[in-house]
Amino acid sequence: RAIHDGSYEMRLLLDFLQCHAILISPICPHYAEHVWSLLGNTDSVMHAQWPQVQEEDAVLTRTTTYIDKLVTELRLQVDKANKKKKTEQ
């Protein structure tokens, strides 16, 4: 699956939709069955195996936290600069 031709993103989307259908099935079984069938599954979503949770990637979590804080700080600085420009005009 090459990233450049979109097949990687499509596989990721389909995996997400299947997982979503399984997780929502106890709450909204009719909706889950509908989504499950649209994804090409012939058996019931109620017979699907519950998704397995992988162990947390600590580096990825720290990186994401750092980027979130950085983006927030940059937005605050841009807002502050824009407010300063408005008051000077």
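All values reported here derive from a predicted model rather than from experimental measurement. (Residues numbered from 1 in each chain as written. Predicted model: local features only at pLDDT ≥ 70, side-chain atom pairs only at ≥ 80, totals over all residues. Heavy atoms only, no water.)

(A) Focus on the confidence of the model for the protein chain. Averaged over the protein chain, the pLDDT score is 90; the fraction of residues at 70 or greater is 93%. The weakest mean pLDDT in the protein chain belongs to helix H1 (residues 7-24) at 90; the strongest belongs to helix H2 (residues 29-38) at 96. (pLDDT = per-residue confidence, 0-100. Helix = DSSP H or I, 4+ residues; strand = E, 2+ residues; numbered from the N terminus.)

(B) Quick peek at the nonpolar core. Core analysis: the largest hydrophobic core is formed by seven residues, namely Ala-21, Ile-22, Ala-32, Val-35, Trp-36, Val-45 and Ala-48. Elements supplying a minimum of two residues to this core: H1 and H2. The residues touching Ala-32, leaving out its near neighbours within four places in the chain, are Ala-21, Ile-24, Ser-25 and Val-45. (Core = buried A, V, L, I, M, F, W, Y, C linked by side-chain atoms within 4.5 Å. Buried < 20%, exposed > 50% of the residue type's maximum accessible area, 1.4 Å probe, protein only. Contact = heavy atoms within 4.5 Å.)

(C) Highlighting a nonpolar patch on the surface. A cluster of nonpolar residues, Tyr-66, Ile-67, Leu-70, Val-71 and Leu-74, forms a patch on the protein surface that exposes about 450 Å² of accessible area. Secondary-structure assignment places Leu-70 in helix H3 (residues 58-88). (Patch = residues over 30% accessible without salt bridge, like charges linked within 9 Å, V, L, I, M, F, W, Y side chains within 5 Å. Areas by Shrake-Rupley, 256 points an atom, 1.4 Å probe, with all protein chains shown as cover. Salt bridge = Lys/Arg side-chain N within 4 Å of Asp/Glu carboxyl O.)

(D) The environment of Trp-50, seen in detail. Within the secondary structure layout, Trp-50 lies in the loop between H2 and H3. The spatial distance from the C-alpha of Trp-50 to the C-alpha of Ala-21 is 10 Å, given a sequence separation of 29 residues. Beyond its immediate chain neighbours, meaning those up to four positions away, Trp-50 contacts Ile-22, Leu-23 and Pro-26.

(E) Highlighting the pattern of salt bridges. For the structure shown, the criterion picks out one salt bridge. Salt-bridge contacts for Arg-11 lead to Asp-15; the nearest nitrogen and oxygen are separated by 2.7 Å. You can see Arg-11 and its partner Asp-15 sitting in helix H1, four residues apart, about one turn around the helix.

(F) Quick peek at the packing of H1 against H2. Two elements in contact, H1 and H2, have axes separated by 8 Å at closest approach and are oriented at 155°. One finds that H1 runs roughly antiparallel with respect to H2. The crossing of H1 and H2 is left-handed. Residues Leu-17, Gln-18, His-20, Ala-21, Ile-22 and Ile-24 of H1 pack against Tyr-31, Ala-32, Val-35 and Trp-36 of H2. (Axes fitted to C-alpha atoms, helices over the stretch in contact; angles between N-to-C directions. Parallel < 35°, antiparallel > 145°, perpendicular 65-115°, else oblique. Left-handed = near helix turned anticlockwise from the far one by under 90°.)

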